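Survey of secondary and tertiary structure
These are the residues of each chain, in order.
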Amino acid sequence: MTKELSAAIEAAHAQRWAEALDLAARAAAAGNAAATAQLATLAGAPDETDAAKLRAAIDPVALVTPPPLERLSNDAGIACSRGFATPEMCAWVITRAQSRLEPSMVNDASTGEMRQHPMRTAYTCAFGPPDRDLVLAALQARAANLTRVPVVMHEAPNVISYQPGQQFGMHVDFIDPQNPHFARELEVLGQRATTIVTYLNDDFDDAPTHFPLLKLNVRGGIGDAIAWSNVRPDGTPDTNTVHAGMPPTRGRKWVLSQWLRNKPLPYNL
């Protein structure tokens, strides 16, 4: 990665988007293929290579402004942002994740440790600071604007891939404050207060996100995101948000999960 593209990504994470795009355009004009590809994805013009045209096509305000939320339940804070990610963004994220997938882990309530478990058989990968790019930064910025939770309170974006028969069984995303094994995590990282799941493809059968207590099955189109609060207005866990990633019966399901905490993280995830 060139110095200018690296600076562009840092500016994007600091929400200085005009500066970030200008730096990326300079890198692209100098022949940086990665900068060109990221700008082309953001512009929705994957075949365009002219840096000036790509930069002119991207409005920095529109780039980070998501579609509004549509409420899906009266019993929990769950809603949908249709078209949260563009098809080009979705394809970019899938391509970036394909070679990085690993078996998924669960947070073991009996020990507080991460381990593999039969309830979670899908594959996953996280995009921490060394793996950042402008497309993922834009999706984090959209998540921040959708929820009013700043990026400094976001965990690293996480891609989950489900092949036929793979699932993520019934679980909650909040950190159980009654479990002493999780006390240190809550103290340092805060509660995982909000979840956003973006559907990256639609060429699979079945595999909704299932909320049994809400009697709700959600399967978005390409780029649609569902967002929900894992806690009630008073900050206590909302057990109505128990959910499962159901298995596909055909094809491969891809989603981007973003988990937002209720305090700034003490290190840059």
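Preceding this paragraph is the structure being described.
Residues numbered from 1 in each chain as written. Predicted model: local features only at pLDDT ≥ 70, side-chain atom pairs only at ≥ 80, totals over all residues. Heavy atoms only, no water.

Counting secondary structure elements, the protein contains eight helices and 16 strands. Reported as C-alpha extents along the three principal axes, the dimensions of the protein are approximately 55 × 40 × 35 Å. Taking the intrachain contacts of the protein between residues at least 6 apart in sequence as the baseline, contacts between residues at least 24 apart amount to 73%. (Helix = DSSP H or I, 4+ residues; strand = E, 2+ residues; numbered from the N terminus. Contact = heavy atoms within 4.5 Å.)

Packed helix pairs are characterised by how far apart their axes lie and by the angle those axes make with each other. Where helix H6 (residues 87-98) contacts helix H7 (residues 134-147), the axes come no closer than 10 Å and their chain directions differ by 120°. What the angle tells us is that H6 and H7 run oblique. Handedness of the crossing formed by H6 with H7: left-handed. Across from Met89, Trp92, Val93 and Arg96 in H6, the residues of H7 making contact are Val135, Leu136, Ala138, Leu139 and Arg142. Looking at the contact of H6 with H7 residue by residue, the classes come out as seven nonpolar, no polar and two charged. (Axes fitted to C-alpha atoms, helices over the stretch in contact; angles between N-to-C directions. Parallel < 35°, antiparallel > 145°, perpendicular 65-115°, else oblique. Left-handed = near helix turned anticlockwise from the far one by under 90°. Nonpolar A, V, L, I, M, F, W, Y, C, P; charged D, E, K, R; others polar.)

Direction vectors running N to C along helix H3 (residues 33-43) and H7 enclose 40°, while the axes themselves pass 9 Å from each other. On H7, the residues touching Gln38, Thr41 and Leu42 of H3 are Leu134, Val135 and Ala138. For the contact of H3 with H7, the per-class residue count stands at four nonpolar, two polar and no charged.

It is worth spelling out the pattern of salt bridges at this point. Considering all chains together, one arrives at 13 salt bridges under this definition. Ionic pairing is found between Glu10 and Arg132, a salt bridge with its closest N-O pair at 3.5 Å. Residue Glu10 is found in helix H1 (residues 3-13), and its partner Arg132 is found in the loop between strand S6 (123-126) and H7; the two are separated by 122 residues along the sequence. For Glu10, a relative accessible area of 44% puts it in the partly exposed group. A salt bridge links Arg192 to Glu155, with the shortest nitrogen-to-oxygen separation between them at 2.8 Å. Here Glu155 lies in the loop between H7 and strand S7 (158-162) and Arg192 lies in strand S9 (residues 192-199), a separation of 37 residues in the sequence. Here Arg192 matches Glu155 in class, with each residue buried. A network of salt bridges, in which partner residues are shared, links Glu155, Glu185, Arg192 and Arg261. (Salt bridge = Lys/Arg side-chain N within 4 Å of Asp/Glu carboxyl O. Buried < 20%, exposed > 50% of the residue type's maximum accessible area, 1.4 Å probe, protein only.)

To describe a pair of aromatic rings, you give the distance between the ring centres and the angle between the ring planes. Going through the model one piece at a time under the given rule, you end up with one aromatic pair. Ring geometry for Phe211 versus Trp228: centroids 5.1 Å apart, planes at 85°, classification edge-to-face. Separated by 17 residues along the polypeptide, Phe211 in strand S11 (residues 209-211) and Trp228 in strand S13 (residues 225-229) bring together distant segments of the chain. The exposure class of Phe211 is buried, given its relative accessible area of 0%. Over the ring of Trp259 we find Arg192; its NZ or CZ atom is 4.2 Å from the centre of that ring. (Phe/Tyr/Trp six-rings, centres within 6.5 Å; stacked < 30°, edge-to-face > 60°. Lys NZ or Arg CZ within 6 Å of the ring centre and 35° of its normal.)

A few words now on the nonpolar core. With 52 residues, the main nonpolar core has Trp17, Leu42, Leu63 and Leu134 as its most contacted residues. Mapped onto this core, the elements with two or more residues apiece are H1, helix H2 (17-29), H3, helix H4 (51-57), H6, H7, S13 and strand S16 (253-261). Broken down by element, this core gets its largest block of residues, nine residues, from H7. Ala76, Ile78, Tyr162 and Phe168 belong to the second-largest nonpolar core, a separate cluster that totals 16 residues. (Core = buried A, V, L, I, M, F, W, Y, C linked by side-chain atoms within 4.5 Å.)

This paragraph deals with the side chain of Gln191. Locating Gln191 in the fold gives a position in the loop between helix H8 (183-189) and S9. A polar contact of 2.5 Å, which involves the side chain of Gln191, links it to the backbone nitrogen of Ile175. Contacts of Gln191, omitting those with residues within four sequence positions, involve Phe174, Ile175, Pro177, Leu186, Val231, Leu260, Arg261 and Asn262. (Polar contact = N/O pair within 3.5 Å; in protein donor to acceptor, adjacent residues only side chain to side chain.)

Before going further, it helps to examine the pairing of S7. The element S7 is extensively covered by neighbouring structure, given that five of its five residues are classed as buried. Residues Asn158, Ile160 and Tyr162 line one face of S7 and the alternating positions Val159 and Ser161 line the opposite face, and both faces are buried. As paired elements, S6 and S7 share four bridges and run antiparallel to each other. Looking at the pairing, Cys125 lines up with Val159 of S7. In the sheet, S7 pairs with S16 via five bridges, with the strands oriented antiparallel. Paired with Val159 across the two strands is Leu256, which belongs to S16. (Pairing = 2+ DSSP bridges.)

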